[in-house]
Amino acid sequence: MRSKSEVIIAGILEKYGVPYHYEMPLRLEGVGTIYPDFTVLNVKTRTTMYWEHMGMMDNPEYQDKALERIHLYERAGLFPGIELILTHETSTRPLQTRVIERVIEKYLL
């Protein structure tokens, strides 16, 4: 995994028994292949969701790339809160494990 936060998210997914793949290739119609941070299974509905954690949102270049990434998902018909989970942090607002747990409880269980 590329970041400490992704390791934390993976650990919480495992704690809750949510199946996932890390950076599994995803072919988006009209876009090409991208690699979501996590491909996860909604345990209740048995549907696949994609999770992007945006860990350096106070970096302007990173922020621009993150927003472009969200645009790619939307252009392919995958929308936040439906098929796409988005989490973020900055250097002054770090990842909060309780928030990640609540996201998993809301979208995946």
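This report concerns the structure included in the present document. (Residues numbered from 1 in each chain as written. Predicted model: local features only at pLDDT ≥ 70, side-chain atom pairs only at ≥ 80, totals over all residues. Heavy atoms only, no water.)

Description of the pattern of salt bridges
Charged atoms that come close allow side chains of opposite charge to pair. Heads up, the rule is: Throughout this description, the term salt bridge denotes a Lys or Arg side-chain nitrogen within 4 Å of a carboxyl oxygen of Asp or Glu. Note on conventions: DSSP H or I runs of at least 4 residues are helices, E runs of at least 2 residues are strands, and numbering of each starts at the N terminus. The rule is simple: take the accessible area with a 1.4 Å probe, protein chains only, and divide by the maximum for that residue type; under 20% is buried, over 50% is exposed, in between is partly exposed.
In total, this model carries 5 salt bridges according to the counting rule given. The closest approach of N and O atoms between Glu 101 and Lys 15, which form a salt bridge, is 2.8 Å. Taken together, the residues Glu 101 in helix α3 (residues 97–107) and Lys 15 in helix α1 (residues 4–15) connect sequence positions 86 residues apart. Residue Lys 15 is classed as exposed on the basis of its relative accessible area of 58%. Close ionic contact of Glu 52 with Arg 69 constitutes a salt bridge, the shortest N to O distance being 3.0 Å. Separated by 17 residues along the polypeptide, Glu 52 in strand β5 (residues 47–54) and Arg 69 in helix α2 (residues 60–75) bring together distant segments of the chain. Residues joined by salt bridges that share partners form a network here, namely Lys 15, Arg 98, Glu 101 and Glu 105.

Brief notes about α3
Heads up, the condition is: Arc definition: directions from the helix axis to the C-beta atoms. Here a residue-residue contact requires only that any non-hydrogen atoms of the pair lie within 4.5 Å.
Burial in α3 covers these residues: Ile 100, Glu 101, Val 103 and Ile 104. Buried residues of α3 fall within an arc of 160 degrees about the axis and therefore sit on the same side. Away from its buried face, by an angle of more than 90 degrees, α3 presents the exposed residues Arg 102 and Lys 106. Against α1, β5 and β6 (84–88) lie the buried residues of α3.

Thoughts on the pairing of β5
What counts here: The rule for pairing is simple: two strands pair if DSSP sees at least two bridges between them.
Of all 8 residues in β5, 6 are buried, a share of seventy percent or more. As paired elements, strand β4 (residues 38–42) and β5 share 5 bridges and run antiparallel to each other. From the neighbouring strand, Asn 42 faces β5, where its bridge partner is Thr 47. Here β5 pairs with β6 via 5 bridges, running parallel.

Observations regarding the nonpolar core
As a reminder, the rule being used: Residues enter a nonpolar core if they are buried and are Ala, Val, Leu, Ile, Met, Phe, Trp, Tyr or Cys, with the set joined through side-chain atoms within 4.5 Å.
Counting residues in hydrophobic clusters, the biggest one holds 15 residues, and the most contacted among them are Leu 13, Val 40, Trp 51, Ile 104 and Leu 108. Per-element accounting of this core gives the leading share, 4 residues, to α1. Those residues in contact with Ile 104 that lie beyond four places of it in its chain are Ile 12, Leu 13, Tyr 16, Val 18, Trp 51 and Leu 109. Membership of the second largest hydrophobic core comes to 7 residues, among which are Leu 28, Ile 34, Tyr 50 and Leu 78.

So, the sheet that holds β6
As a reminder, the rule being used: Geometry is summarised by axes, namely lines fitted to C-alpha atoms with helices restricted to the contacting stretch, and by angles between N-to-C directions that run from 0 to 180 degrees.
Pairing within the open sheet is mixed, and its 4 strands lie in the order β1-β4-β5-β6. Edge positions in the sheet fall to β1 (20–22) and β6, since each of these pairs with one other strand and no more. Neighbour-to-neighbour, the strand axes of the sheet open up by a mean angle of 20 degrees, direction not taken into account. Against the sheet, α1 makes contact with β1, β4, β5 and β6, and its axis sits at roughly 20 degrees relative to β4, the strand it touches most. The sheet contacts of α2 involve β5 and β6, and relative to β5 the element is tilted by about 165 degrees.

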